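# Descriptive structure summary
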2 protein chains.
Amino acid sequence: MKKATTSPIPARGPADHEVRDQIVVAATEHFSRYGYEKTTVSDLAKAIGFSKAYIYKFFESKQAIGEMICANCLNQIETEVRAAVTQTDLPPEKLRRMFNVFTEASLRLFFQDRKLYEIAASAATENWQAVLAYEERVQKLLRDVLQEGRQSGDFERKTPLDETAMAIYLVMRPYLNPMLLQYSFDYTKVAPAQLSSLVLRSLSP
Amino acid sequence: MKKATTSPIPARGPADHEVRDQIVVAATEHFSRYGYEKTTVSDLAKAIGFSKAYIYKFFESKQAIGEMICANCLNQIETEVRAAVTQTDLPPEKLRRMFNVFTEASLRLFFQDRKLYEIAASAATENWQAVLAYEERVQKLLRDVLQEGRQSGDFERKTPLDETAMAIYLVMRPYLNPMLLQYSFDYTKVAPAQLSSLVLRSLSP
């Protein structure tokens, strides 16, 4: 390996996105140990060994860090769902997997760690951009699966696609949105199977 | 009118249920003005002009009064829904009305008065007996409507009745349960129509 000093490019620190990632990783650990509400940016700075001013160079507020953590969580859920959906060619099975994996992954990511849920709760309550964008992408994925099922002849085509998609999204929502999910624990075992069966009956041609 | 003194029955105060009602009415007003969490039984006693000990003769705790208020609210919602359902003979229309009236009445009773919502929130969180009993009755009403629709030939009969009823109950739940409803304000305009249409498509024979 070449030493930086021998290179014509001037020596520099880590890239911005690396520092951001480093802050987010440390903050996630700190929040999940001490709680989001109780932690200040000063606490975070002390824990990471950065100055408060240095953190503020990368994130304008604690909420901005929380948003990033929440966005990472949502991305992970979405990645799991997309992987499960891609692994089958049958549109009805794709829909079933959406119900199952969204519920499972959301439960696991938001509730195995109660402290992380606090961040998500804040995010969902305040309609953070990351959450709105996530909801948009879920609706888009749903429309794509419905479209496929209409083309394959598995799903009926009489109802306008947007109406079908919105109604199914509403059925899914209590198991997607962490705020709703916390009041649905009693049903998370049965709901994905029963609701996807109901939805599939509603889609039969 | 005969005077009590001329009657062979000894003079007595108001019946127990009258005192209970009086306490509940006064407490509802007091809670909705000052909040449920902040009010103590002492505050209530002072406001009503009863001694604290006298209130405790009728209710063992503030929560017991809250439960009664919440039960009254739920009864009122249920009465409205049953009236709307009875006014039509068509099972599909009965189902539509359940979605519409549960949403409307729950919004009106729990959220026009934010302070009353606090009581309901407490009730829903702690799984009060009144709430569990209400949920049971809603599920029973749903099964009755489904049964009627199966007999009239409006609804399919292949799926086990209990499964259909539970799935539809799960679809309705975010608009019945005040804790879920508070996160569904953005959808209360469209959800009853879109969800009842989806459910009716799922029931087509």
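Remember, predicted model here, so these are calculated numbers, not experimental data.

This part covers the overall build of chain A. A count of helical and extended segments in chain A gives ten helices and zero strands. Written out in order from the N terminus, the α and β elements of chain A read α-α-α-α-α-α-α-α-α-α. What you see for chain A is a C-alpha radius of gyration of 21 Å, clearly larger than the 17 Å of a compact globule of 205 residues, by over 25%. Oriented by its inertia axes, the alpha-carbon framework of chain A measures out at about 65 × 45 × 25 Å.

The periodicity of an α-helix, 3.6 residues per turn, causes residues three or four places apart in sequence to face the same way. All names here are of chain A. Relative to the 27 Å expected for 19 residues at 1.5 Å per residue, helix H1 (residues 16–34) spans 26 Å between its end C-alpha atoms, a close match to the ideal helical length. Val19, Ile23, Val24, Ala27, His30 and Phe31 are the residues of H1 that are buried. Angularly, the buried residues of H1 cover 140° about the axis, an arc narrow enough to put them on a single face. Of the exposed residues in H1, the ones pointing more than 90 degrees away from its buried face are His17, Val25 and Arg33. Following H1 by one or two positions, glycine 35 has its phi on the positive side, about 95°.

A separate point is the packing of aromatic side chains. All chains considered together, the criterion is met by eight aromatic pairs over all chains. Centroid distance tyrosine 54 of chain A to phenylalanine 58 of chain A: 5.1 Å. Interplanar angle 70°. Geometry classified as edge-to-face. Here tyrosine 54 of chain A pairs with phenylalanine 58 of chain A, and both are found in helix H3 (residues 52–58), just four residues apart, close to one helical turn. Given the relative accessible area of 28%, tyrosine 54 of chain A is considered partly exposed. Ring centres of phenylalanine 31 of chain B and tyrosine 36 of chain B lie 5.0 Å apart, and the angle between their planes is 80°; this geometry places the pair in the edge-to-face category. Judged by relative accessible area, phenylalanine 31 of chain B falls into the buried class, the value being 0%. Every member of this aromatic cluster is reached through a ring pair, and the members are Phe50, Tyr54 and Phe58 of chain A. It is arginine 20 of chain B that lies over the ring of phenylalanine 59 of chain B; its NZ or CZ is 4.5 Å from the centre.

All names here are of chain A. Split into domains, chain A comes out as domain 1 (12–60) and domain 2 (62–203). Here the C-alpha centre of domain 2 lies 30 Å away from the C-alpha centre of domain 1. Contacts between the two partners involve 18 residues from domain 1 and, on the opposite side, 15 residues from domain 2. When domain 1 packs against domain 2, the two sides together hide about 1400 Å² of surface, and 69% of this comes from carbon and sulfur. Taken together, the connections running from domain 1 to domain 2 amount to zero salt bridges. Inspection of the region where domain 1 meets domain 2 yields three residue pairs in polar contact (both at pLDDT 80 or more). Contributing elements (two or more residues each) for the side of domain 1 that touches domain 2: H1 and helix H2 (41–48). It is H1 that contributes the most residues to the side of domain 1 that touches domain 2, nine residues altogether.

Once that is clear, we can look at the packing of helix H7 (residues 129–152) of chain B against helix H8 (residues 161–176) of chain B. Residues and elements named next belong to chain B. Direction vectors running N to C along H7 and H8 enclose 130°, while the axes themselves pass 9 Å from each other. One element, H7, and the other, H8, form an angle in the oblique class. H7 and H8 meet at a crossing whose hand is right-handed. Mapping the contact onto sequence places Tyr134, Glu135, Val138, Gln139, Leu142, Arg143, Leu146, Gln147 and Arg150 in H7 and Leu161, Asp162, Thr164, Ala165, Met166, Ile168, Tyr169, Met172 and Leu176 in H8. Within the contact of H7 with H8, the residues separate by chemical class into eleven nonpolar, three polar and four charged.

To continue, consider the pattern of salt bridges. Enumeration over the complete set of coordinates arrives at 18 salt bridges over all chains. For arginine 201 of chain A, the salt bridge identified is with glutamate 163 of chain B, shortest N-O distance 3.9 Å. Highlighted residues: arginine 201 of chain A in helix H10 (residues 191–203) and glutamate 163 of chain B in helix H8, drawn from two different chains. Aspartate 144 of chain B is the partner of lysine 140 of chain B in a salt bridge, and the nearest nitrogen-oxygen pair spans 3.0 Å. With lysine 140 of chain B and aspartate 144 of chain B both in helix H7 and four residues apart, this pair spans about one turn of that helix. Taking relative accessible area as the criterion, aspartate 144 of chain B reaches 34% and is therefore assigned partly exposed. Within the structure, one salt-bridge network assembled from shared partners comprises Glu78, Arg82 and Arg137 of chain A.

A few words on the nonpolar core. Grouped together as the largest cluster of nonpolar side chains are 128 residues, with contacts concentrated most on Leu95 and Met98 of chain A together with Leu95 and Met98 of chain B. The contact partners of methionine 98 of chain B, leaving out residues within four places of it in the chain, are Val81, Val85, Val138, Leu141, Leu142, Val145 and Met172 of chain B.

Following the UniProt record, one finds the feature "domain: HTH tetR-type" (unreviewed entry) at residues 17–77 of chain A. Across residues 17–77 of chain A one finds 80% helix and 0% strand; the C-alpha atoms that close the span lie 22 Å apart.

Moving on: the interface of chain A and chain B. On the chain B side, the residues contacting the 28 residues of chain A number 28 residues. Of the roughly 2500 Å² buried at the junction of chain A and chain B (both faces included), carbon and sulfur atoms supply 64%. The interface formed by chain A and chain B includes four salt bridges. The interface formed by chain A and chain B includes four residue pairs in polar contact (both at pLDDT 80 or more). It is helix H8 (residues 161–176) of chain A that contributes the most residues to the side of chain A that touches chain B, eleven residues altogether. Each residue belonging to the side of chain A that touches chain B can be placed in one class, and the counts come to 15 nonpolar, seven polar and six charged.

When chain A is fitted to chain B, the residual RMSD is 0.1 Å, and the transformation amounts to a turn of 180° plus an axial shift of 0.0 Å. As the rotation angle and translation indicate, the two copies are arranged about a two-fold axis. Relative to the rotation axis, the closest C-alpha in chain A is found at serine 202 of chain A, a distance of 1.7 Å. When the interface residues of chain A are mapped onto chain B, 100% of them again lie at the interface, so the same face is used by both copies.

What counts, and at which threshold
Residues numbered from 1 in each chain as written. Chains lettered and ligands numbered in written order. Predicted model: local features only at pLDDT ≥ 70, side-chain atom pairs only at ≥ 80, totals over all residues. Heavy atoms only, no water. Helix = DSSP H or I, 4+ residues; strand = E, 2+ residues; numbered from the N terminus. Rg over C-alpha atoms; globule rule 2.2 N^0.38 Å. Expected span 1.5 Å × (residues − 1). Buried < 20%, exposed > 50% of the residue type's maximum accessible area, 1.4 Å probe, protein only. Arc of directions from axis to C-beta. Phe/Tyr/Trp six-rings, centres within 6.5 Å; stacked < 30°, edge-to-face > 60°. Lys NZ or Arg CZ within 6 Å of the ring centre and 35° of its normal. Domains from an automatic or database assignment. Contact = heavy atoms within 4.5 Å. Buried area = accessible area lost by both parts, 1.4 Å probe. Salt bridge = Lys/Arg side-chain N within 4 Å of Asp/Glu carboxyl O. Polar contact = N/O pair within 3.5 Å; in protein donor to acceptor, adjacent residues only side chain to side chain. Axes fitted to C-alpha atoms, helices over the stretch in contact; angles between N-to-C directions. Parallel < 35°, antiparallel > 145°, perpendicular 65-115°, else oblique. Left-handed = near helix turned anticlockwise from the far one by under 90°. Nonpolar A, V, L, I, M, F, W, Y, C, P; charged D, E, K, R; others polar. Core = buried A, V, L, I, M, F, W, Y, C linked by side-chain atoms within 4.5 Å. UniProt positions renumbered as here; feature names shortened; annotations may be inferred. Least-squares fit on C-alpha atoms with pLDDT ≥ 70 in both.

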